Amino acid sequence: MYAVIAGGGKVGRAIAGDLLAEGNEVAVIEMIPERLEALQQRHDLLVIAGDATDVRYLEQTRLQRADVFVATTRTDDVNYVACQLAKISFDVPRVLSRVNSPRNEALFQTMGIEAVSTTTLISRLIREQATVGELIHLYTLRAGQVNLVEIDVPHDFPGYKRNVSELTLPMESVLVCVFRGEATLIPRGDTRLAAGDQVIALTTPDLEDALRASILDPTAP
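Residues numbered from 1 in each chain as written. Predicted model: local features only at pLDDT ≥ 70, side-chain atom pairs only at ≥ 80, totals over all residues. Heavy atoms only, no water.

Draft legend 1. Structural context of the layout of surface pockets. The calculated volume of the second largest pocket comes to roughly 330 Å³. Forming the walls of the second largest pocket are 15 residues, and the residues nearest its centre are Arg13, Ala38, Arg42, Thr184 and Leu185. For the lining of the second largest pocket, the elements supplying multiple residues, two or more each, are helix 1 (10-21), helix 2 (33-40) and strand 11 (183-185). Per-domain counts for the lining of the second largest pocket show at least three residues from each of domain 1 (2-123) and domain 2 (131-216). (1 Å grid on protein atoms, 1.4 Å probe; cavity = no way out; pocket = protein on both sides within 12 Å on 5 of 7 lines; lining within 4 Å. Points joined across faces, edges and corners; volume = space filled by probe spheres on them. Helix = DSSP H or I, 4+ residues; strand = E, 2+ residues; numbered from the N terminus. Domains from an automatic or database assignment.)

Draft legend 2. Local environment of the pattern of salt bridges. For the coordinates displayed, the defined rule picks out six salt bridges. Residue Arg180 pairs with Asp197 through a salt bridge whose shortest N-O separation is 2.7 Å. Within this pair, whereas Arg180 is found in strand 10 (residues 174-180), its partner Asp197 is found in the loop between strand 12 (192-194) and strand 13 (198-203), the two being separated by 17 residues in sequence. Judged by relative accessible area, Arg180 falls into the partly exposed class, the value being 32%. Using a relative accessible area of 1% as the deciding quantity, one classes Asp197 as buried. (Salt bridge = Lys/Arg side-chain N within 4 Å of Asp/Glu carboxyl O. Buried < 20%, exposed > 50% of the residue type's maximum accessible area, 1.4 Å probe, protein only.)

Draft legend 3. Broad picture of the packing of aromatic side chains. A full pass over the atoms with the stated rule returns one aromatic pair. On the basis of an interplanar angle of 75° and a centroid distance of 5.3 Å, the ring pair of Tyr80 and Phe108 is categorised as edge-to-face. Note that Tyr80 is positioned in helix 4 (residues 76-88) and Phe108 in helix 5 (residues 105-110), a separation of 28 residues in sequence. Over the face of the ring belonging to Tyr2 we find Arg65, whose NZ or CZ atom lies 4.2 Å from the ring centre. (Phe/Tyr/Trp six-rings, centres within 6.5 Å; stacked < 30°, edge-to-face > 60°. Lys NZ or Arg CZ within 6 Å of the ring centre and 35° of its normal.)

Draft legend 4. How the structure looks around the side chain of Thr73. With respect to the helices and strands, the residue Thr73 is situated in the loop between strand 4 (68-71) and helix 4. Here the side chain of Thr73 touches Thr75 through a polar contact of 3.2 Å, landing on its backbone oxygen. Only 2.7 Å separates the side chain of Thr73 from the side chain of Asn79, close enough to count as a polar contact. For Thr73, the contacting residues outside a window of four places in its chain are Ala6, Gly7, Val78, Asn79, Arg98 and Asn100. (Polar contact = N/O pair within 3.5 Å; in protein donor to acceptor, adjacent residues only side chain to side chain. Contact = heavy atoms within 4.5 Å.)

Draft legend 5. Spatial organisation of the nonpolar core. Ranked by size, the top nonpolar core spans 24 residues in total, and within it Val4, Leu58, Leu63, Phe69, Val92 and Val95 carry the most contacts. Once residues lying within four places of it in the same chain are set aside, the contact partners of Phe69 are Val4, Ala6, Leu58, Leu63, Ala82, Cys83, Ala86, Val92, Arg94, Val95 and Leu96. Core analysis: the second largest hydrophobic core is formed by 15 residues, Ile151, Val153, Val178 and Val199 among them. (Core = buried A, V, L, I, M, F, W, Y, C linked by side-chain atoms within 4.5 Å.)

The values reported here are purely geometric and, on their own, carry no functional implication.
Next comes the structure, spelled out in C-alpha cells:
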C-alpha cells in the first residue's frame, strides 16, 4: 500500500511510523523546518517540503498512484482543501482527515472524507471529569470490539521508568506508539517509558482496566 500524509506533526509521524513498520510505502508533505529535519532522518520515507493545498507539491508525491491520503494538520481548512484535491484531482480511492473542530465533521463526511475529530476528546475529558493518568478512548474499531486508547503517565510520577518488556500487558492488548514531547516512539521491548509519556494502545473493552494498571501501577513488576 502507498499512503500520502499531509502534516508531519505528532499524528502524522505516528501514522507514518505504523505504516512503515508494516512494510508500506509512505510520503509526507510538511512545511515546518524542524519537522522536516526529523522526518528526513528516516531513509525509507519520502519527504516533500511544501504546502499540501498546492497541487505542485501533491504531484511530487506521485499522489495519483496512492491508495490512501491522510490529512493530519491542525487546520481544518488546510485538511479539507488537501483532501478535496486528493479526491477530485488525483482520484485517490480512500481519503481520511483529522478534524480539529467537531462542528466540521459533518461537512467532511458529506464530501466523502472519513473524518476523525481529536478535539472531541477535550469535551469527553470535561464531561467525564477525567484526570491525568485515566484511560481515554480515542477511537472504536470493529463495532466496539476493539478500542484505541490513550494512557497518560503523570508528569509528577516520581521515579517512573519502566521498560515495555517489564509490563504485564493483558494478552489482547498491544502498545501502538508513545508520544514524548515532539518525539514519537514505536515501542519495543527495550523502550523505556517515562513520566509525562502519552501511551497509545489497542485493547478490548473488558481489558482496559488491566491495561491501565499494567502501565501505571507502581507496584506492578
